[in-house]
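Coordinates in review
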Amino acid sequence: MKTRILSLMLAVLMLSSASSLTACSESAADPAAEDAAQPTPDPAEIPEGDEAAPAEEEETLSEIEQRQLLPDNLPEVTFDGQEFRVLTRPGGETGFDYSIEIVAEELTGDACNDAVYNRNLTVEERFDTKISVMQSGSPHQDIKTFVTAGTPDYDIVGFHDYLAYVPIGAGVLMDWTDVPNVDLTQPWHNRSANDGATLNNILYAICSDLSISSMTFTYAIFANADLLTDYGYSTEDIYNLIRENEWTIDKMIEITSAMYVDKNGNGKTDKDDVYGFGYKIENPADVWMTAFGSKVCEITNDTQITVTFMTEKNASIIEKLVNWHYTPTAFNILSTDYEEQNYFLNNKLVMAPLRFFAAYNQLRDMEATYIMLPYPKWDTAQEGYYTNADDQFTVFGLPLTAEENIEFVTTIYEALCAESYKQVFPIYYDTALKGKYSSDPTTAEMVELVMEGRAFDFSFQFGESVFQRLCYKFRDMLLTKSTDLASAYAKVEKALDRGLNKTLKKAYKMEE
């Protein structure tokens, strides 16, 4: 059964890296039909010794083996041991050590670590190079320092997506669309993130499969299957709601609000009790806007930016969220970053919004069985199930100082992305599937919905500056129990217009 789930999940991963998840799934939906469409060769025309047709051979290949067949089209060159230097973040509050995206120092027996080690060995031996990483608490600032000084200290720099506005605004990054060797149409580049962050045909902060965190930080709703059963719901009951387009925020609130248990019997809601839902109001709350199909802005023709935040729907959303979050027996508001992981692990939350990273890390030792679900829809009229990634996932910038060595830098970067697609991402899925929920064959179906609905809203890259925290507005209003969206928007509207008309136009070389 696990083999079948892994096969399905790897197929999902391949789709999620392509330019259009829906289009790709449609084109690959019926392999048998595609095979039937091919002409059957006349046996007499097959040369002696070639009886086995190539198509038949490919049918026996695993998804991982099929990935190996995709060429990266890089030049066959070597670089005499030249060092490829990457600057990135340390782990910090996310619990994720960002250096593992770049380097694994040795083989440890951990599948994810060893996949990175073997990826680097492949690239280093092929191109005669050495890959190294340094960490800094502020790489988004450091890049300004060494570029301004004209010293090529690092070849690429990884920084949090939400801090991309700092080096972009400083004008110290090259345009990824205008460099050799980087093919943005390849499946190891995240088309959803990159297309959304491309203005005036310029892309400064790139997302690819080298950014493991862009996948591990994706949010889903984790549900304790054992507790669901205790409250009269089978996992199939929840799955059917999702399949039948009935998994809405109202339905989820209805189900989870009835699951509160005063565990210690003191007549008060406290940390010892069991809640249907809960989290710390910060990062998970940022996903609701995406989950409900709302956006801060729309970008058309790569240059036209229209703010679409202030709507009646968003006003209704914040009112519903505030009422739910501040109903004591319906919601547990936690106090520290990512604390929901521990509460869920210890059976104190029936459902919680968690990053996929929890499956590789905190939940490995969970005794109860859990499942993963998409975020709910706003209503049944909503087209799909959507989610977002924690805005601390890595994007990579190409410093202006890399121009003098651009062939080397882009060759090694592209090779690392391609080999991450071939060697690293599949192993991360395999590791996740060996968790407590892997015995459930519907896992692949549910995670497919999550992956297909991933969105990477460009507004987060300028959320702290140009967009005046509109992408965080639901979070901010939940923290203050405010439901007056119109007033909150009016306070930032003028500054928003200035930022759009000056900062973005200057950064992306748009005409005034």
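A short tour of the structure in this document, coming up.

Our focus in this paragraph is the packing of aromatic side chains. Applying the stated criterion to the full structure yields 35 aromatic pairs. For the ring pair Trp-288 and Trp-324, a centre distance of 5.9 Å and an interplane angle of 70° mean the geometry is edge-to-face. Here Trp-288, found in helix α14 (residues 287–291), pairs with Trp-324, found in helix α15 (residues 312–325); they are 36 residues apart in sequence, far enough to count as distant. For the pair Trp-288 and Trp-324, one class covers both residues: buried. Residues Tyr-360 and Tyr-428 carry aromatic rings whose centres are separated by 5.5 Å and whose planes lie at 90° to one another, so their mutual orientation is edge-to-face. Of the two residues, Tyr-360 is situated in helix α17 (residues 357–360) and Tyr-428 in helix α18 (residues 406–433); the sequence distance between them amounts to 68 residues. The pair formed by Tyr-360 and Tyr-428 is uniform in burial state, with each residue classed as buried. Over the aromatic face of Tyr-338 sits the side chain of Arg-355, whose NZ or CZ is 4.1 Å from the ring centroid.

This brings us to the sheet that holds strand β5 (residues 275–280). One open sheet holds the five strands; their spatial order is β8-β5-β9-β4-β10, and the pairing between them is mixed. In the strand order of this sheet, the two ends are held by β8 (332–334) and β10 (370–373), each with one partner. Between one strand axis and the next, the sheet turns through 30° on average, direction left out of account. Packed onto the sheet, helix α19 (residues 443–452) meets β4 (219–224) and β10 and runs at close to 35° relative to β10.

A complete count under the given rule lists 16 salt bridges for this structure. With its nearest N and O atoms 2.9 Å apart, the salt bridge here joins Glu-445 to Arg-243. Residue Glu-445 is found in helix α19, and its partner Arg-243 is found in helix α12 (residues 235–243); the two are separated by 202 residues along the sequence. Since its relative accessible area comes to 31%, Glu-445 is described here as partly exposed. The class for Arg-243 is partly exposed, based on a relative accessible area of 39%.

Calculation rules
Every chain's residues receive numbers from 1 upward, in the order its sequence appears when written. It should be noted that, the model being predicted, local features are given only for residues of pLDDT at least 70 and side-chain atom pairs only at 80 or more, the latter also being counted only at that level, while totals for whole chains, interfaces and linings use all residues. The basis for the side-chain values is all heavy atoms of the structure; hydrogens and waters are excluded. Any two rings among Phe, Tyr and Trp, with Trp reduced to its six-membered ring, count as a pair given centres within 6.5 Å; such a pair is stacked if its planes are under 30 degrees apart, edge-to-face if over 60, and tilted if neither. What counts as a helix is a DSSP run of H or I of at least four residues, what counts as a strand is a run of E of at least two, and both are numbered from the N terminus. Relative accessible area decides the class of each residue, using a 1.4 Å probe on protein chains only: under 20% of the type maximum gives buried, over 50% gives exposed, and in between gives partly exposed. Geometrically, a lysine NZ or arginine CZ counts as sitting over a ring once it is within 6 Å of the ring centre and also within 35 degrees of the ring normal. DSSP-based pairing: two strands are paired if at least 2 bridges between them are found. Lines fitted to C-alpha atoms define the axes, with helix axes restricted to the stretch in contact, and inter-axis angles between N-to-C directions lie between 0 and 180 degrees. Residue contacts follow a heavy-atom distance rule, with two residues in contact if any of their heavy atoms lie within 4.5 Å. Salt bridges are counted wherever a side-chain nitrogen of Lys or Arg sits within 4 Å of a carboxyl oxygen of Asp or Glu.

Keep in mind these values describe shape, not function.
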